[in-house]
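Spelled out, the chains give:
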Amino acid sequence: MVRIAKVFTDLPLSQSQLAPKGIIEFCEVCEKCARECPSESIPEGPRTYEGFNEANNPGALKWYCNADTCLDYWREVGSGCSICFRVCNFTKEEGVSHGIVKWFIRNVPQLNGFWVWADDMMGYGKMADPREYWEKP
Ligand code: SF4
Ligand code: SF4
């Protein structure tokens, strides 16, 4: 949910906590950002150690984003797109019901496909009508 490219520092930073378990397994089932990306910059399928081009720093097992085609799309539409942010199942406000879903994602990965389906059914990630925001009194 951030667009930091590279930050160089010699600050003595402590190791951050590991991400909660279950996220990778959930993404493997979800692939919603890859499906919805208009420039097909996010790959479907398993993670790799190789990036797309010199904009990627290879060597880590992950899903690399093709920054070239992503930025081409930004230029084409004249905005920062962010559809992948909008559709992500984890882009949710804190709350009891979302906390329960996170518990299941961490502990019962067999239900991951159901949560992706439920996210679609709930209409999360749909583009809102901008007039609803700009024309608010
Ligand atoms: S910002 Fe848009 S074009 Fe870029 S990866 Fe996300 S969805 Fe794709
Ligand atoms: S939309 Fe979010 S949860 Fe789904 S695969 Fe992409 S990053 Fe993972």
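Preceding this paragraph is the structure being described.
The notes below deal with the structure included here. (Residues numbered from 1 in each chain as written. Chains lettered and ligands numbered in written order. Predicted model: local features only at pLDDT ≥ 70, side-chain atom pairs only at ≥ 80, totals over all residues. Heavy atoms only, no water.)

Here the focus is the site of ligand 1. Lining the immediate environment of ligand 1, one finds 13 residues, of which Cys-37, Ser-39, Cys-70, Cys-81 and Cys-84 sit closest. For the shell around ligand 1, the leading source of residues is helix α3 (residues 67-77), giving three residues. Residue classes in the shell around ligand 1 are distributed as 10 nonpolar, two polar and one charged. (Near = heavy atom within 4 Å. Helix = DSSP H or I, 4+ residues; strand = E, 2+ residues; numbered from the N terminus. Nonpolar A, V, L, I, M, F, W, Y, C, P; charged D, E, K, R; others polar.)

Let us look at the nonpolar core. Soluble globular proteins tend to pack their nonpolar side chains together in the buried interior. In terms of nonpolar packing, the biggest core is built from five residues, these being Phe-26, Cys-30, Ile-105, Trp-115 and Val-116. Elements that contribute at least two residues to this core include exactly α1 (23-30) and α6 (112-121). Those residues in contact with Cys-30 that lie beyond four places of it in its chain are Asn-89 and Val-116. (Core = buried A, V, L, I, M, F, W, Y, C linked by side-chain atoms within 4.5 Å. Buried < 20%, exposed > 50% of the residue type's maximum accessible area, 1.4 Å probe, protein only. Contact = heavy atoms within 4.5 Å.)

Our next topic: the site of ligand 2. Taken together, the neighbourhood of ligand 2 is formed by Phe-26, Cys-27, Cys-30, Glu-31, Lys-32, Cys-33, Cys-88, Asn-89 and Phe-90. Only α1 and α2 (32-36) provide two or more residues apiece to the shell around ligand 2. At three residues, α1 tops the list of elements feeding residues into the shell around ligand 2. Classifying every residue of the shell around ligand 2 gives six nonpolar, one polar and two charged.

Where α1 meets α6, the closest approach of the two axes is 9 Å, and the angle between their N-to-C directions is 60°. Considered as vectors, α1 and α6 are oriented oblique to each other. The crossing of α1 and α6 is right-handed. Mapping the contact onto sequence places Glu-25, Phe-26, Val-29 and Cys-30 in α1 and Asn-112, Gly-113, Trp-115 and Val-116 in α6. (Axes fitted to C-alpha atoms, helices over the stretch in contact; angles between N-to-C directions. Parallel < 35°, antiparallel > 145°, perpendicular 65-115°, else oblique. Left-handed = near helix turned anticlockwise from the far one by under 90°.)

All right, on to α6 then. Those residues of α6 that fall on the buried side of the exposure criterion are Asn-112, Trp-115, Val-116, Ala-118 and Asp-119. Burial along α6 is one-sided: seen end-on, the buried residues are contained in an arc of 165°. Its buried side turned inward, α6 meets α1, α2, α4 (83-87) and α5 (96-107). Once α6 finishes, Gly-123 follows within two positions and takes phi at roughly 80°, a positive value. (Arc of directions from axis to C-beta.)

Taken as a whole and judged by the stated rule, the model has eight salt bridges. One salt bridge in this structure joins Asp-129 and Arg-131, with 2.9 Å as the shortest N-O distance. Under the relative-accessibility criterion, Asp-129 is labelled partly exposed at 28%. Connected through shared salt-bridge partners, Lys-32, Arg-35, Glu-36, Lys-92, Asp-119 and Asp-120 make up one network. (Salt bridge = Lys/Arg side-chain N within 4 Å of Asp/Glu carboxyl O.)

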